[in-house]
Amino acid sequence: MVDPKDILNNWKNYAKIIGKEDEKNLPIQLGNSIVVDGYVPGKKNGVFTHFHADHMKIKDIESATQYDKILFHKITYKVATALKPTLQQRMNIKSMEYGQQHTTKFGEVITLYDADHVLGSSQIHVDVDNVKILYSGDFVFPSADTPKCDILVLDASHGLPQFNTPTEKDSVLRTTLKEIKTRLETQSVVVSANRGSLQELMNYLDEGNDEDNISGEIPFLAKTDDIIIKNALYGTESKVDRKFMDYDTPEAYQIRKYGESCIIFTTELKIVEPEEQTMYWIYVDRYNFSNDANISIHTGGSVYETNGEQKKDDNGNKINKDIMRINLSSHTTYDGLIDYVRINEPQIMLVDSSRGEHSIKLASDLTKKFTRPGISMP
């Protein structure tokens with residue numbers, strides 16, 4: 001067993017976030033040779049936790065030709081190779097199951113654990129020199145696995161106490177479906193969400209539930225990559241023979257231009273085309289729910305141009321409209337984050353500042369709660 005004092009004195013030999021303090025989405029080094037969610041020349045093994053752009057860039061995978069191995073969960077691999085089919089030809093890429101282990105040429109043992117963030121999302125556990133290192137990535141507690149570790153590298157997305165609204169996902173999805181079905185009687189709908197949540201909604205709204213469904217005559221419009229990801233995650237078949245259409249095709253443009261009923265799925269926060277100002281917008285996980293509400297409908301929400309300025313009509317009047325906000329949060333609550341750390345029992349906690357705005361406060365809170373070092377990095 002490793003002496004905790006040795007870990008506290010030598011933790012920099014086992015885990016680090018590589019980059020400058022003001023840089024975003026930095027690679028994380030675990031052990032001697034392993035880089036997580038990025039690319040570092042000279043290293044020999046890469047692991048990607050999930051397919052979100054702040055954790056997996058196709059160019060990083062393409063750059064790592066000298067890596068002995070690049071590891072993904074099998075679902076993340078499926079998405080990566082759907083977006084870039086030539087990756088299937090790479091001999092150094094390996095897909096894994098949760099709980100499966102891979103041992104590097106340096107003797108480091110890598111294990112993937114379920115993070116329950118999006119389909120295929122993983123926590124990365126590394127055992128090297130009898131020191132256990134864990135990178136949480138984005139995760140949801142208590143549904144995520146909780147492997148014990150000596151050094152924990154922690155996501156800080158919900159690192160403030162105000163992020164404490166639990167999500168009743170089934171209820172939220174059912175209410176959202178019912179609301180969209182009602183709105184489609186008079187206007188088209190735009191669903192704005194991060195990837196993962198976006199594809200989950202595409203699939204759910206297509207299938208419906210035992211109470212409601214959306215007619216198969218209503219086309220679903222999205223960017224090509226978002227449709228590719230949906231198909232990789234959920235398959236290409238539709239129970240109601242629905243059209244999933246590339247947003248940028250002439251046919252989709254005609255539907256938008258002439259006001260035909262449709263649902264647009266987008267990762268954009270603001271209006272892309274003028275005709276979308278008359279549509280009903282639903283924002284998913286796009287703001288902090290500071291109370292117990294999982295759903296809120298705002299009358300007169302401001303509409304913005306793509307440059308961030310508030311949109312105005314032909315007479316110069318600011319345009320406001322109804323919007324719906326729903327909480328399908330795919331990150332853990334603040335209390336869940338604290339409980340996760342308590343169960344994992346690390347000797348030291350390194351909080352990733354490159355993918356979260358609350359790392360300094362969270363590191364301070366962890367130090368006070370557990371009387372062990374919490375450090376914001378880099």
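Residues numbered from 1 in each chain as written. Predicted model: local features only at pLDDT ≥ 70, side-chain atom pairs only at ≥ 80, totals over all residues. Heavy atoms only, no water.

Draft legend 1. Quick peek at the overall build of the protein. In terms of regular secondary structure, the protein is built from nine helices and 20 strands. Relative to all contacts within the protein whose residues are 6 or more apart in sequence, the contacts with residues 24 or more apart total 64%. When the accessible surface of the protein is summed, it comes to about 17200 Å², and 45% of that surface belongs to carbon and sulfur atoms. (Helix = DSSP H or I, 4+ residues; strand = E, 2+ residues; numbered from the N terminus. Contact = heavy atoms within 4.5 Å. Areas by Shrake-Rupley, 256 points an atom, 1.4 Å probe, with all protein chains shown as cover.)

Draft legend 2. Representation of the packing of helix α5 (residues 197-207) against helix α6 (residues 224-234). Relative to each other, α5 and α6 sit at 70°, their axes nearing to 9 Å. Compared by their axis directions, α5 and α6 come out roughly perpendicular. Seen along the crossing, α5 lies across α6 with a hand that is right-handed. The residues of α6 that touch α5, namely those facing Leu198, Gln199, Glu200, Met202 and Asn203, are Asp226, Ile227, Ile229, Lys230, Leu233 and Tyr234. Along the lines of polarity and charge, the residues of the contact of α5 with α6 split into six nonpolar, two polar and three charged. (Axes fitted to C-alpha atoms, helices over the stretch in contact; angles between N-to-C directions. Parallel < 35°, antiparallel > 145°, perpendicular 65-115°, else oblique. Left-handed = near helix turned anticlockwise from the far one by under 90°. Nonpolar A, V, L, I, M, F, W, Y, C, P; charged D, E, K, R; others polar.)

Draft legend 3. Spatial organisation of the sheet that holds strand β1 (residues 15-17). If you walk across this open sheet you meet the six strands as β1-β2-β3-β4-β5-β6, and the pairing is mixed. The outermost strands of the open sheet, each flanked by one partner alone, are β1 and β6 (93-96). Taking the axes of each pair of neighbouring strands and ignoring which way they run, one obtains an average angle of 25° across the sheet. Alignment of strand β5 (residues 69-73) against β6, held across four bridges, turns out to be parallel. The residue bridging isoleucine 70 from the neighbouring strand is isoleucine 93, located in β6. With respect to the sheet, helix α3 (residues 74-83) is in contact with β5 and β6, its orientation differing from that of β5 by roughly 110°. (Pairing = 2+ DSSP bridges.)

Draft legend 4. Structural context of the pattern of salt bridges. Applying the stated rule across the entire model yields 17 salt bridges. Here aspartate 365 makes a salt bridge to lysine 361, at a shortest N to O gap of 2.9 Å. Of this pair, aspartate 365 and lysine 361 are both found in helix α9 (residues 359-370), four residues apart, which corresponds to roughly one turn of the helix. Given a relative accessible area of 9%, aspartate 365 falls into the buried group. In the salt-bridge network here, residues are joined through shared partners; they are Asp170, Arg174, Asp210 and Glu211. (Salt bridge = Lys/Arg side-chain N within 4 Å of Asp/Glu carboxyl O. Buried < 20%, exposed > 50% of the residue type's maximum accessible area, 1.4 Å probe, protein only.)

Draft legend 5. Structural view of the pairing of strand β15 (residues 263-266). Judged by which residues are buried, β15 turns out to be covered on both faces: Ile263 and Phe265 on one side and Ile264 and Thr266 on the other are all buried. Relative to β15, strand β12 (residues 189-192) is paired through four bridges, and the arrangement is parallel. If you follow serine 192 over to β15, its bridge partner there is threonine 266. As paired strands, strand β13 (residues 220-222) and β15 are joined by three bridges and run parallel to one another. Pairing of phenylalanine 220 across the sheet is with isoleucine 263, part of β15.

Draft legend 6. Inspection of the sheet that holds strand β20 (residues 374-377) at higher detail. One open sheet holds the seven strands; their spatial order is β7-β8-β9-β10-β11-β19-β20, and the pairing between them is mixed. Looking along the sheet, the strands with just one partner apiece sit at the ends: β7 (101-103) and β20. When the angles between neighbouring strand axes are averaged without regard to direction, this sheet yields 20°. Across three bridges, strand β10 (residues 131-135) lies against strand β11 (residues 151-154) in parallel orientation. Its bridge partner lying in β11, leucine 134 is registered against leucine 152. Along the sheet face, helix α8 (residues 334-344) touches β9 (122-128), β10, β11 and β19 (348-352) and points at about 160° away from the line of β11. Against the sheet, α9 engages β11, β19 and β20, with an angle of about 165° to β19.

Everything listed here is a matter of geometry and, on its own, says nothing about what the molecule does.
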